[in-house]
Amino acid sequence: MKRILAVLAALILAVFALTACSDNNDSSDNDSADHDGMAMTSMPTSMSMPSMPLGMSTPGASSMGIVISGFGYSTPESVMPGQVLTTQNNDTVEHSVTSDTAGLFNEDIEAGETETITVPNEPGTYTFHCTYHPSMRGTLTVK
């Protein structure tokens, strides 16, 4: 008798667990509802970016400017001489974009803020770093 009660209790728990974990929402029929002749499809509400190792620079990751995220830089593949470049800090701490060559550019960017830098007028490859986090390094190619 105890064995039957134990099996019955396990079955009831399994039914509750499966019911709680299932997504039996009938609103999925509305995902492609027709409004004024146009099909509506559901869009993702958030997108996750692939992660990269700390401090690495990813060329070509941004066509607009430098993006700081996950304690790393994402840089455009190349920039024009003298171009004003937007730098967005998506991290929760302050960073800097500081040229390894003294005096070329040095901008502190608060968490969540955007600043601009002016890239050098001479074509070449310019390395930079974060003064607050020395492992953060990036490269700008000026063509």
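For the structure itself, consult the block above.
Quick look at the structure, then. (Residues numbered from 1 in each chain as written. Predicted model: local features only at pLDDT ≥ 70, side-chain atom pairs only at ≥ 80, totals over all residues. Heavy atoms only, no water.)

## Examining the overall build of the chain
Regarding its fold elements, the chain presents one helix and eleven strands. Counting from the amino terminus, helix and strand elements in the chain follow one another as α-β-β-β-β-β-β-β-β-β-β-β. Residue burial in the chain is summarised as follows: out of 143 residues, 23% are buried. Nonlocal contacts in the chain, meaning residues at least 24 apart in sequence, comprise 42% of its contacts between residues at least 6 apart. Of the roughly 10000 Å² that the chain leaves accessible, carbon and sulfur atoms contribute 58%. (Helix = DSSP H or I, 4+ residues; strand = E, 2+ residues; numbered from the N terminus. Buried < 20%, exposed > 50% of the residue type's maximum accessible area, 1.4 Å probe, protein only. Contact = heavy atoms within 4.5 Å. Areas by Shrake-Rupley, 256 points an atom, 1.4 Å probe, with all protein chains shown as cover.)

## Concerning the pattern of salt bridges
In total, this model carries one salt bridge according to the counting rule given. Asp-100 is the salt-bridge partner of Arg-137, the closest N and O atoms lying 2.4 Å from each other. Taken together, the residues span a long stretch of sequence, with Arg-137 in strand 11 (residues 137–142) and Asp-100 in the loop between strand 7 (95–99) and strand 8 (106–109) at a distance of 37 residues. (Salt bridge = Lys/Arg side-chain N within 4 Å of Asp/Glu carboxyl O.)

## Structural notes on the nonpolar core
Ile-66, Tyr-73, Leu-85, Val-97, Ile-117, Phe-128 and Leu-140 are the most contacted members of the largest nonpolar core, which totals 16 residues. Secondary-structure elements contributing two or more residues to this core are strand 4 (65–69), strand 10 (124–129) and strand 11. (Core = buried A, V, L, I, M, F, W, Y, C linked by side-chain atoms within 4.5 Å.)

## Quick look at the sheet that holds strand 11
Strand pairing within a sheet occurs via backbone hydrogen bonds; the two strands may be parallel or antiparallel. Read from one edge of the open sheet, four strands run 8-7-10-11, paired in antiparallel fashion. Across the chains shown, the open sheet's two edge strands, defined by having one partner strand only, are strand 8 and strand 11. The sheet shows a mean angle of 25° between the axes of neighbouring strands, taken without regard to direction. Here strand 7 runs beside strand 8; their pairing, made up of four bridges, is antiparallel. From the neighbouring strand, Thr-98 faces strand 8, where its bridge partner is Asn-106. (Pairing = 2+ DSSP bridges. Axes fitted to C-alpha atoms, helices over the stretch in contact; angles between N-to-C directions.)

## Focus on the side chain of Thr-75
As for its position among the elements, Thr-75 is in strand 5 (residues 72–75). At a separation of 3.5 Å, a polar atom in the side chain of Thr-75 contacts the main-chain carbonyl oxygen of Thr-139. (Polar contact = N/O pair within 3.5 Å; in protein donor to acceptor, adjacent residues only side chain to side chain.)

## Here's the deal with the environment of Glu-113
Among the secondary structure elements, Glu-113 is positioned in the loop between strand 8 and strand 9 (114–118). Along the primary structure Glu-113 and Asn-89 are separated by 24 residues, whereas in three dimensions their C-alpha atoms are 5.6 Å apart. When sequence neighbours within four positions are dropped, the list of residues in contact with Glu-113 reads Thr-87, Gln-88 and Asn-89.

## Considerations on the pairing of strand 4
Bridge count for strand 4 against strand 6 (residues 84–89) is four bridges, and the pairing is parallel. Paired with Ile-66 across the bridge in strand 6 is Thr-87. Both strand 4 and strand 5 contribute to a ladder of three bridges, which runs antiparallel. The residue bridging Val-67 from the neighbouring strand is Ser-74, located in strand 5. Linking strand 4 back to strand 5 in an antiparallel pair, the connection comprises two residues, with Gly-70 at a positive phi of about 60°.

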